[in-house]
Amino acid sequence: MRNKISIVGAGFVGATAAHWCAVKELGDVVLVDIVEGMPQGKALDLLEAGPIQGYDLNILGTNDYADTANSDIVVVTAGLPRKPGMTREDLVGTNAKIVGGVIENVVKHSPNAIIILVTNPLDTMVYLAYKKSGLPRERIIGQAGILDSARMRTFIAMELNVSVENTHAFVMGGHGDEMVPLPRYSTVAGIPITQLMPPDRVEAIVQRTRKGGGEIVSLLKQGSAFFAPSAATMQMVEAILKDRQMILPCSVYLQGEYGLDDICFGVPVKLGRNGVEQILEIELTAEEQEGLSKSAELIRSSMEALQL
Ligand code: APR
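Residues numbered from 1 in each chain as written. Predicted model: local features only at pLDDT ≥ 70, side-chain atom pairs only at ≥ 80, totals over all residues. Heavy atoms only, no water.

(A) Quick peek at the packing of helix α4 (residues 92-109) against helix α5 (residues 122-133). Between α4 and α5, whose axes approach to 9 Å, the crossing angle comes to 35°. Relative to α5, the crossing made by α4 is right-handed. Residues Val 92, Asn 95, Ala 96, Val 99, Gly 100, Ile 103, Glu 104 and Val 107 of α4 touch α5, and the partners they reach there are Thr 124, Met 125, Leu 128, Ala 129, Lys 132 and Ser 133. (Axes fitted to C-alpha atoms, helices over the stretch in contact; angles between N-to-C directions. Helix = DSSP H or I, 4+ residues; strand = E, 2+ residues; numbered from the N terminus. Left-handed = near helix turned anticlockwise from the far one by under 90°. Contact = heavy atoms within 4.5 Å.)

Below is the structure:
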């Protein structure tokens, strides 16, 4: 039997995630949206690409959560994207209402699923989903760090004119402009970037990474990034369904790790068939830890606004 992946929100991120999952043949896909006809149309279009791409999958578009029953993974991308000049936090009121309702329906039909959150403000939406769903923290995971690290890797490769495959980047913290890229742990062919470029170039990459989402929003003028966010989501789906035990930065509910409690925050985790198999605690300098605390404060104020 094939795995079942449901994606709620068939907009730019959701539909593109469905595309990546189909091309990688990760499982049957159900696309859900409130707009009538749109998920059905996109799903049929994607199904009709199967004969060309060579995938044999069921891809279904629907407005009915009953079709998502017994999913192995549910990806939540429902909600508004940013407009130019907005921070992710500005979306909290609207998207909390949407995500709250989505989670209720998802859990009702797939109580055993692992839920991946993509809607922004990301860490706050993970927190909301964790509190609303009543599921163990291992099964509520936010996508952000893979995207932020991929952006940083892109900028490192551009700076040094090396293959992106040679790069590794480490970004922790909340998925906002206060995120914490860690140059000490970011490498090219195993060599820390701090040994490969002057401090001002490292700092430029850190700053561009922090504002990476905003850079795309201001270029697009309508909507936000979707190719890289959906590719990052697909990597999480793959790591889980294939039980890869892959270490990736994800937003998860913390219970004392990094000195933080009752908060959802981006940290390195090991992903496998049970969802979060382990949270890794890496050594940080006082300055890096201070960056994390600052990022946590910002996220915490948005979580408190939810009044859960
Ligand atoms: N249930 C299901 N789908 C919903 C609901 C709901 N209650 N409310 C809105 N949607 C759908 C919209 O109809 C739309 O198709 O969510 C989809 C969102 O798609 P886009 O507007 O294209 O936004 P997208 O770029 O995909 O971003 C979605 O991911 O990266 C984040 O910041 C981004 O919060 C945003 C989310």
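(B) Structural view of the site of the ligand. The local shell around the ligand holds 21 residues, among which Phe 12, Val 13, Asp 33, Leu 80 and Asn 120 are the closest. Contact distances for the ligand include 2.6 Å between an oxygen atom and a side-chain N or O atom of Asp 33. A distance of 3.4 Å is found between an oxygen atom of the ligand and a backbone nitrogen or oxygen belonging to Gly 79. Elements that contribute at least two residues to the shell around the ligand include exactly α1 (12-23) and α4. Here the shell around the ligand is composed, by residue class, of 13 nonpolar, seven polar and one charged. (Near = heavy atom within 4 Å. Polar contact = N/O pair within 3.5 Å; in protein donor to acceptor, adjacent residues only side chain to side chain. Nonpolar A, V, L, I, M, F, W, Y, C, P; charged D, E, K, R; others polar.)

(C) Structural detail: the pattern of salt bridges. By the definition in use, this model includes ten salt bridges. Here Lys 24 ties to Glu 238 by a salt bridge, and the two come within 3.6 Å at their closest N and O atoms. Of this pair, Lys 24 sits in the loop between α1 and β2 (28-32) while Glu 238 sits in helix α9 (residues 227-241), placing them 214 residues apart in sequence. Residue Lys 24 is classed as partly exposed on the basis of its relative accessible area of 41%. A salt bridge links Glu 215 to Arg 208, with the nearest nitrogen and oxygen atoms 2.9 Å apart. Glu 215 gets classed as partly exposed once you look at its relative accessible area, which sits at 29%. Overall, the relative accessible area of 34% leaves Arg 208 in the partly exposed class. Three or more residues joined by partner-sharing salt bridges are found here, namely Lys 24, Glu 238 and Lys 242. (Salt bridge = Lys/Arg side-chain N within 4 Å of Asp/Glu carboxyl O. Buried < 20%, exposed > 50% of the residue type's maximum accessible area, 1.4 Å probe, protein only.)

(D) Representation of the nonpolar core within the structure. If you look at the biggest cluster of nonpolar residues, it comprises 84 residues, and the most contacted ones within it are Ile 115, Leu 117, Ile 141, Val 237 and Leu 271. Of the residues that make up this core, three or more belong to each of domain 1 (4-143) and domain 2 (145-306). Each residue touching Leu 117, except ones within four places of it in the same chain, is listed here: Val 76, Val 99, Leu 122, Met 125, Val 126, Ala 129, Ile 140, Ile 141, Gly 142 and Gln 143. (Core = buried A, V, L, I, M, F, W, Y, C linked by side-chain atoms within 4.5 Å. Domains from an automatic or database assignment.)

(E) Focus on the packing of helix α6 (residues 145-160) against helix α7 (residues 199-210). For the pair α6 and α7, interaxial distance at closest approach is 9 Å and the crossing angle is 145°. Where α6 crosses over α7, the handedness of that crossing is right-handed. Judged by residue contacts, Asp 148, Met 152, Phe 155, Ile 156, Met 158 and Glu 159 of α6 engage Arg 201, Ile 205, Arg 208 and Thr 209 from α7. When the residues that make up the contact of α6 with α7 are grouped by side-chain class, the tally is five nonpolar, one polar and four charged.

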